[in-house]
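# Analysis of the macromolecular model
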Amino acid sequence: MNRPYVRPMAGWWKRDPFFMRYMARELTAFAVGAYAVILCVGVLRLAQGEAAWNGWLAALRSPLSIVLHAVLLFAMAVHAKSWFEIMPKTMPMIHVGGRRLGAQTITRAGWAATLIASLVLIALVWGWR
Amino acid sequence: MAESLKTIDVEVLRYRPEQESEPVWQRYTVPYTDDMSVLQALQQIKDDQDGSLSFRWSCRMAICGSCGMMVNGKPHLSCQTFLRDLLPGPVRIEALTHFPIERDLVVSVDGFVKKLESIQPYIIPKEPRTLAQGEYRQSPAQLEQFEQFSGCINCMLCYSACPQFGLDPSFTGPGVLALLHRYNADSRDGGQAQRMEVLGSTEGVWNCTAVGYCSEVCPKGVDPANAVNQNKVNSAKDYFLRFLSPRGSKS
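Note that this is a predicted model, so its numbers are computed, not measured.

Rules used in this analysis
Residues numbered from 1 in each chain as written. Chains lettered and ligands numbered in written order. Predicted model: local features only at pLDDT ≥ 70, side-chain atom pairs only at ≥ 80, totals over all residues. Helix = DSSP H or I, 4+ residues; strand = E, 2+ residues; numbered from the N terminus. Buried ≥ 20, exposed ≤ 12 C-beta atoms within 10 Å, placed from the backbone. Contact = placed C-beta atoms within 7 Å. Domains from an automatic or database assignment. Nonpolar A, V, L, I, M, F, W, Y, C, P; charged D, E, K, R; others polar.

### What about the overall build of chain B?
Helices and strands together make up the secondary structure of chain B, namely nine helices and seven strands. By principal-axis analysis of the C-alpha atoms, chain B measures approximately 75 × 40 × 30 Å. Counting across all 251 residues of chain B, residues that qualify as buried make up 38%. If you take every contact in chain B between residues at least 6 apart in sequence, the share linking residues at least 24 apart comes to 66%.

This is the structure we're talking about:
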């Protein structure tokens, strides 16, 4: 008798810790999206004039906003970490000086680029004041 | 003597379509020695306890790719998974997930084989060569480009590690895409354009969401996640470059 049984997929992400970590990575994308929305609102308020812009700045300084930003920053750090870990999988073989670049080196290069970009950004913003 | 034998409980997900509408767990107590694999436990059950138990196996040395199954929820080749590492038990054995169960631990492989055929898993020579022209020459660097991916034994463990395949069985999947890359990356091969239709489709690399578990469970150290994800770049290049070179103008 040929009657293949197809097992349900409901709750698949709870079956393995690996899948849970994957879902955590995917969830942190919402934090990235949320922060993009906050910045877009800032641009919109800027276009509406000085009062609107200052109102947005004041809203950012509220305790609720600071807690939200701390949560978003943490989620973004998790997001970056998980993506830098999978980054070597997205690349063809890279040879430097005849030796193949290891996965860990590629991941570290991602972190280094993030660090440099962040430092440059912070220096620019502080320099502006 | 019989009293001193060590035993371990083994639970097997049974499915006999003629008597069950859905799979049920069945428990067996298996005498074991330190060198026994999960496959040997199943063989002990089939030979001495319950001849109706169905499972696939062949080589017993991790090269035929037949005996893949879920052992305690993770995809493994049962021949290289040892009972001593699973103490004190019980060991839960289930057919590879994401595949339809035909009977007990036997899954349906039709879809996998069709996908494998669709990628033309053989070298399509760049140009016809005569014997007089001699052999193809390949440098160690050219060999390295595909060697790792040629380790695939079609055991399908990576499909059981891939929720995207479970959610959408039309996904070509990690194993077949790794083999596709194995031939595409071979300097002797000229079949890239022919394989692009499969590779660049929704059922091809774009169904992958970079879970990455496929590469973790591979018993042969193949890295399917790498094969799939680097080909997203190739597929994107193929898509955008067509606007630069009119169709058919490429040799």
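### Some remarks on the domain arrangement of chain B
All names here are of chain B. The domains assigned to chain B are domain 1 (2–107) and domain 2 (110–241). Once you take the C-alpha centre of each, domain 1 and domain 2 turn out to be 31 Å apart. Opposite the 14 residues of domain 1 that make contact, domain 2 presents 13 residues. Of the residues forming the side of domain 1 that touches domain 2, the biggest block, three residues, is contributed by strand E4 (residues 74–77). Of the residues that constitute the side of domain 1 that touches domain 2, the class distribution is eight nonpolar, five polar and one charged.

### Quick word on the interface of chain B and chain A
Taken together, the 24 residues of chain B in the interface contact 20 residues of chain A. The dominant element in the side of chain B that touches chain A, judged by the number of residues it contributes, is helix H9 (residues 224–241) of chain B, at four residues. Looking at side-chain class alone, the side of chain B that touches chain A contains 11 nonpolar, nine polar and four charged residues.

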